[in-house]
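Survey of secondary and tertiary structure
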Amino acid sequence: MTSGTQGTNSSAETSGSGDIRRSAELLWGTGARPSRGPKPALSLDRIVEVEVADAEGIGAVSMRRLATDLGTGTMSLYRYVPGKAELLDLMLDRVQTPHEDPVALGDGTWRDAVATMARETLALYQRHPWLLQVNQARPVIGPGALASMEKMLARIKPMGLTDPELLSVLIMVDGYVSGVARTRVYEQEAETSTGMTDAAFWEAQRPSLEAAMATGAYPVMASLSEDTFAPGFDHFEFGLQRILDGLDVLVAARAKR
């Protein structure tokens, strides 16, 4: 796999698959510190880096690779982190830490907050495509993830929904955004691995598709306007606005109770 491709269709890594208690201790800084031995030459902050994963995918991350990049021995890393599974938990929490900017989710309505949250989540997946390779069904919650959820829930609390429903809003939006992000990453990977642009790929199929349309077997497809598949239409924003419209209906109905 070439540098820059993420391999999102490879076997997923799984959060929370290591020593859960140890991951939690490292995330919250509650673990016992060694009282003997030489003074640590590294820090947990230096060890938990995401650059390799960003560039080459999570599969490229290993304790040996990390030790080489840090200029130290692999065994010395185990003084800080038990293994890759716990390192992954730390990496996930780091990238989910929210911005310090208090207006990052906007100053307007809950609708503004949800829209901004969706756009920021899409940007997060684009900065760190390896997140799409990780099974996060059972995450180990750290300060970054908890602060992010606190921030999101605080902004959408005025919706007037039940607490489970508020959580469901976050799950629904992330599901929509991750689907869009995965498609974009796949498109990028396809172009990188084949050397063929998206436009060239579809142009190569034009003769076959035009012949198919001429048979009359696909009347609806043949009747579509020429700009139907044009790249200028923002499918992400269209879908996002429809989600918000649906939530508007629910919020308005609850307000009448």
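As a starting point, this report considers the structure included with it. Everything numeric in this text was worked out from a predicted model, so none of it was measured.

With respect to the overall build of the protein
A tally of regular secondary structure across the protein gives 12 helices and 2 strands. Burial status across the protein gives 32% buried among its 257 residues. Considering only contacts in the protein between residues 6 or more positions apart, those separated by 24 or more positions represent 79%. Carbon and sulfur atoms make up 57% of the accessible area of the protein, which amounts to about 15,500 Å² in all.

What about the nonpolar core?
The biggest cluster of nonpolar side chains holds 54 residues, and the ones touching the most others in it are Ile 47, Leu 87, Met 91, Trp 130 and Met 159. Breaking this core down by element, the ones donating at least two residues are helix 1 (20–28), helix 3 (51–56), helix 4 (63–70), helix 6 (84–96), helix 7 (110–127), helix 8 (143–156), helix 9 (163–194) and helix 12 (235–255). When near neighbours in sequence (up to four residues on either side) are disregarded, Leu 87 contacts Ile 47, Val 48, Val 61, Met 63, Leu 66 and Val 81.

Observations regarding the environment of Leu 250
Looking at the element boundaries, Leu 250 is found in helix 12. Placed 90 residues apart in sequence, Leu 250 and Gly 160 show a C-alpha to C-alpha distance of 9.6 Å.

What about the pattern of salt bridges?
Close approach of charged atoms allows side chains with opposite charge to pair. This model, assessed by the stated rule, comprises 13 salt bridges. A salt bridge links Arg 206 to Glu 203; the shortest N-O distance between them is 3.1 Å. Here Glu 203 and Arg 206 lie together in helix 10 (residues 198–214), a separation of 3 residues that amounts to about one turn. Among the residues examined, Glu 203 registers a relative accessible area of 43% and is labelled partly exposed. Three or more residues are tied together by salt bridges with common partners; here these are Arg 111, Arg 242, Asp 245 and Asp 248.

Some remarks on helix 12
Count 3.6 residues to each turn of an α-helix, and residues three or four apart come out pointing the same way. In a regular helix each residue adds 1.5 Å, so 21 residues correspond to 30 Å; helix 12 covers 30 Å between its end C-alpha atoms and thus fits that length. Every buried residue of helix 12 is accounted for by Phe 236, Gly 239, Leu 240, Ile 243, Leu 244, Leu 247, Val 251 and Arg 254. Along the axis of helix 12, the buried residues cluster in a sector spanning 135°; they form a single face. For helix 12, the exposed residues set more than 90 degrees away from the buried face come down to His 235 and Val 249. Looking at the buried positions of helix 12, the neighbouring elements they touch are helix 7 and helix 9.

Calculation criteria
- Residues numbered from 1 in each chain as written.
- Predicted model: local features only at pLDDT ≥ 70, side-chain atom pairs only at ≥ 80, totals over all residues.
- Heavy atoms only, no water.
- Helix = DSSP H or I, 4+ residues; strand = E, 2+ residues; numbered from the N terminus.
- Buried < 20%, exposed > 50% of the residue type's maximum accessible area, 1.4 Å probe, protein only.
- Contact = heavy atoms within 4.5 Å.
- Areas by Shrake-Rupley, 256 points an atom, 1.4 Å probe, with all protein chains shown as cover.
- Core = buried A, V, L, I, M, F, W, Y, C linked by side-chain atoms within 4.5 Å.
- Salt bridge = Lys/Arg side-chain N within 4 Å of Asp/Glu carboxyl O.
- Expected span 1.5 Å × (residues − 1).
- Arc of directions from axis to C-beta.

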